[in-house]
Every structure is written in C-alpha cells, then in structure tokens.
Amino acid sequence: MELIPILSLIILVATISTFILAIGAYILYKIRERKGKKGVAGQPDTIEAELVTPTKVVAETRTTLTGEPIYTTATERETRLRPTFVPPRETRTRTTRTNITTRYTAPITKENIEPEQYTSAQKFKRYTTNTNVGSKVRETRNEESLKWR
Amino acid sequence: MNTERNYRYQIELDNREVASPKRDEKKEKLRVIFITGLLSLILIAIILYTLPLTVLSWEGVVVYASIVSLVIFLFILLFRYFAILFLAYFYITKYTVESKSDFTPFISIIIPAYNEGVNLKTSVESLLKLNYPNYEIIIVNDGSTDNTKEIGENLVGMRTGKISKVKVSLINKPNGGKSKALNAGIQYSKADFIVCMDGDSVLTPDTLRNAVVHFVDPNVGAVAGNVKIANRKKWLTDLQALEYVEGLNLARSAQGFIRLVNIIPGPIGMFRKEALKDVGYYASDTFAEDADLTLKILAVGWKVNYEPNAQALTEAPIKLHQLLKQRYRWTRGILQAIRKHKRHLINPTINFNNTLVLWGMLYEALIWPAMNIFANLFFISVAIFNDMSSLIFYWWVSIALLDFMSAVYCIAVEKEEFRLVPWALIYRMVFVLVIDITKAMATVEEFLGFEMEWGHLERVGLGNKK
C-alpha cells in the first residue's frame, strides 16, 4: 500500500476526531457552566473600601503633571474618579448614598485655625483628668481615623 | 512576614462608569434575522435565476461554490500570513535600531486580585525586582474569598526594590469585577503612568524601562506588552505558548508597526493616565475590558504601541474546558466591544484608523474561525464522498509547512524555546480547530443574546509546578 493514502487516512481520522472532540468539549463546557448561575446585582454609585498603606495619609495637595489636583473634594464628584476618604463606620452618622452634601467631610490636616473654646467645667476637666489632653496630642491620636476629602 | 507598621483607612470609591450606548436587543435580533434572511433569499434567487444559463448541474454548483470559497480562503490565509510577517519584520527591524532615553517618570502598577492567593506573592516579588527607580505597587483585593487579603496585607510596606524602596499598598473592596478593581487602583494612584496587570502575572525586570520609553512621544496613549506562558511542559500549555508567540505576538508586532494595536493584553499594559481619563477608564459592560478600553483609546485619537521587551509571564489554563471557557469569554467580549463601537465600524469618516482596526478584529473573531471550520469540513467531505482523501493530506502538509516556517521565524525573533517548533505540525489542524469551534459557537450565542458570566479560572500557582 502506498504511503500517501495511509497518511491521508490518518489525517482524515484525526481531523474528524478533532471535530468530534471540539464539539463534545464545548457541550461539556456549557453543561458545567450552566450549574450555579447567579443573578447580576445592581451596582451602587459608591462603594466602601479599606486602604492599607505603609505611609501616613495626609491631606492631599499635590498636583499631577497636568496641573490638576489628585483628589477632588466630595462636591466635585461629577467630573472625576477619585477616592473619598471616610471615617470608620461606628463614628459616622446615617447619611444617604446619593446625598453628597451630607457626607462626612473630615477636616484637612492643617494646624487648627479656630482657637479652642471651653466651658468652665470643661476647662476644669481639661487640666484634671487624663482623658482630656491637649489639641496636639489629640491630633496625633486621631491620625489614623483621618481625614481626607 | 512584614513587621512594619501599616496604616488603615476607610475610603469610599467612585463606582460609576461611563454609560454604555443604549441598546434595544429585541430590535437588534430582529434586524440580524431580517438582514441574514434577506441576503440568503437574494442569494438563492440569483442561483435559481442564473443556474439554467450555465452548464452546471445542482451538484456542480455545490462543488463550484466550495472550490471558489476555498480559493478565496487560501488567498486570504496567505495574504494574512505574509502581511503579518512583513509588518512584524519591519517593526522589529525599526524597533531594534531605535535608541533608548532616560525617561523615568513615576509609575503605579495596579494588580487586581480575585482569589489570587496562590500567585499574588510571586507576582509582587517579581515586581520588586524591576529594573526601574520610580514606581509603586497597588494591590486591589476584589472581595476575594480565599487568603488573598491576608497575603496582600503581609506584602504592604516600604519594600526593598532593585534600585529604590517601593511602596506597596492594598485596597480591600467588595467584589465588583476586574474593571472596577482596576478603576479603584487608578483612583488611588498618584502617577501619570499606570501599569495594569493580572494577579497571576509576573513581569520581567526590564519591562517598565522598555515600555515607558514609548511615552516620550506625546501621541502615545498606551503600550501593549508581550505576554508569555509561564507554566509550560504540558501539551496544552506548550500549544498555547506557541499560539502566543506565533498567533498573538506576531500579529501585535504587525499592528505595532502602524501603531494601532487593537488589544492591550490584560497581563501587561501601560497607560498614560490622561488617555485613561479621556475615555472614562475601564468599563464592565463587556467581557473583554482590555479590548474595549483599547478601542476607546484608539477612537479618541491616541496611538497604541507594542513593546516586545515588556514581558509578562502568565499562567495558562491547563485543562481543555478552562481553555474553552477563556476563549469563549474572549470571543464574546471582543464581539461586545466591537458592537459598542459599531458607529466607527460603519462610518470610516469618524476615525479611519479605528474603522480599520475594528474590521480587522471583526474578521479575526467572526470570519476567520468560520472559514477554518469550513475548509476542514470541505476536505473531510471531499475525502469521504468523492474518494479524494489525498487532498486532505496535501492540505495538512501545506498548512503545517506554513505554520512550521512561521513558528521557526517567530521563535528565533523572540528568542523563545525551539522545543515549541514541532507543535506547529498539529497547531492549526488540531489546536486552532478546537478553539475555532468554540469561537464559532460563542459568536452564534452572542448574536442570539445568550446570558453569560465571568467565572474564574482555576489557578495552580506560578511557583507551584505540578
């Protein structure tokens, strides 16, 4: 028997087998995929996330090479995709997701602009209890729940 | 284990995307059925009218049509092959003689990770070996259900890189898909240049240095990298390694010559942030967010280059059903992306380059697989019913020879393993045929509007060789 008919037969069988294999594999894939299908939930406008970083986050004033601020304020949300930093859940008041103006806006980490004002009782406590400490110390303690807009 | 003190902050991320074009799916389906039906009727009418005027019988028409189709197929096959080979050759020649600059801007590398606990550490460690002085790493844990979060937290810190200290940050967010994870990283990034990669990919040391050079040209909006398969030495992954070298990267080199790369691969793509901003960042309304983003970038006039020496090693599917799942998603995703940009497809006056790219993509996704399947079916039927089995032999020999030569060329150019060359003998007749059948099915299902979901490929881990 000649070589070419034998090789042709081998290739013919291989090609038909490949076709059957491909269609079979596809059907099996579809059967596998059909199991455990889930519905698609709607996506909210904003999502809460957690940032873990080795450097302290301070109020952002840097700009990009193009001259735009890197982080926009909460009220400029229509124009840019930028993260908004929020306080921990337990310290937040109930706000609606869509009402941007009611969202927590933490103070920028600059030196306190307004002088601290105390009632007489507070003044007394301020200097007699350990829980009331100076504004500098308080600021250091609160660094981690900072403070971005 | 990272012993440094890290800081945790609650953040709120913008989860919105640029709205996709409005669609009336019912109307679209009706239109497809109407147009294909009408075209078929016209074709049948032409055959019925012209057949008595010729010397052909009914059986003759089938043979004649088959032979004509095959000749067209062969012509396109050869044209496609040589066009890609020549363009790639020109690009690589041009590329190798161009000098490099010392442009080293700050770069953010974003790693979206969904259940990538097996690979994440290897991936980040590869990034710390990058030969580049000015970059940071942002891991975005997209609501993983495995140990990705713990592994990510251990990686956070000011890590020692090859040249400088590298800041590694982690964002833990609820699951929302790859696009949203990448957008979260881009929101947090402070750099003007962004590298987007996969959680299962590893970058080679000179990737950033080689890719960033392209951005010296202010018209370049993005640079596509070169993806290679990391987990080899299995028949299926070896065939994929050959496919990436011969099928994908060669085509990308050709597109690089005209600076119109049509898909920036997920495992390695570098972007100018301005270009990302121009197009509204990633969108999750298609299953090929990388193709969609690239088309959007091209549509607004940015150039997209290819950098063969910006290499990412990625983990390929090791089982056939996983491979089919991946290709099914790619095909439907690309068709969805093309559909989103159909305005450019039918109107070349908006942006001719984009129209050219879209027709190329449509051809590769839609017409080429159908033609390959048809050619094989033709030879099978001729061999069985017309007793001309030697035809299928000569067909295989010519295709295998073409693929063999192409494989030798590509592997030599990319300095790849010559061990992969023999796989070229069964590459088109077995591997591509299997893939093409899935592509054809995916195309039909996409046009019929079948539902689909992302799914997740099983990972063995780049560091764990089974």
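A. Inspection of the overall build of chain B at higher detail. Summing up its helical and strand segments, chain B has 14 helices and 10 strands in all. For a compact globule of 466 residues, the expected C-alpha radius of gyration is about 23 Å, and chain B comes in at 24 Å, within 12% of that figure. Dimensions along the principal axes, computed over C-alpha positions, put chain B at roughly 85 × 50 × 40 Å. Looking at the 466 residues of chain B, the share that counts as buried comes to 47%. Here the contacts in chain B between residues at least 6 apart in sequence split such that 82% fall between residues at least 24 apart.

B. Summary view of helix H5 (residues 178-188) of chain B. Most of H5 of chain B sits out of view: 11 of its 11 residues are buried. Among all positions in H5 of chain B, only Lys 178, Ser 179, Lys 180, Ala 181, Leu 182, Asn 183, Ala 184, Gly 185, Ile 186, Gln 187 and Tyr 188 of chain B are buried.

C. Spotlight on the pairing of strand S1 (residues 46-53) of chain A. Alignment of S1 of chain A against strand S1 (residues 7-14) of chain B, held across eight bridges, turns out to be antiparallel. Following the sheet pairing, Leu 51 of chain A is matched in S1 of chain B by Tyr 9 of chain B. Pairing of S1 of chain A with strand S5 (residues 165-173) of chain B, which is carried by three bridges, proceeds in the antiparallel orientation. Bridged to Glu 50 of chain A within S5 of chain B is Asn 172 of chain B.

D. Local environment of the confidence of the model for chain A. All names here are of chain A. Per-residue confidence for chain A gives a mean pLDDT of 58; residues scoring 70 or more make up 32%. A low-confidence stretch, residues 126-134 (pLDDT under 50), is modelled with four contacts involving residues beyond four sequence positions or located in other chains. Contacts of residues 141-149 to residues separated by more than four positions or lying in other chains number 25 contacts, the stretch itself having pLDDT below 50.

Thresholds applied
Residues numbered from 1 in each chain as written. Chains lettered and ligands numbered in written order. Predicted model: local features only at pLDDT ≥ 70, side-chain atom pairs only at ≥ 80, totals over all residues. Helix = DSSP H or I, 4+ residues; strand = E, 2+ residues; numbered from the N terminus. Rg over C-alpha atoms; globule rule 2.2 N^0.38 Å. Buried ≥ 20, exposed ≤ 12 C-beta atoms within 10 Å, placed from the backbone. Contact = placed C-beta atoms within 7 Å. Pairing = 2+ DSSP bridges. pLDDT = per-residue confidence, 0-100.

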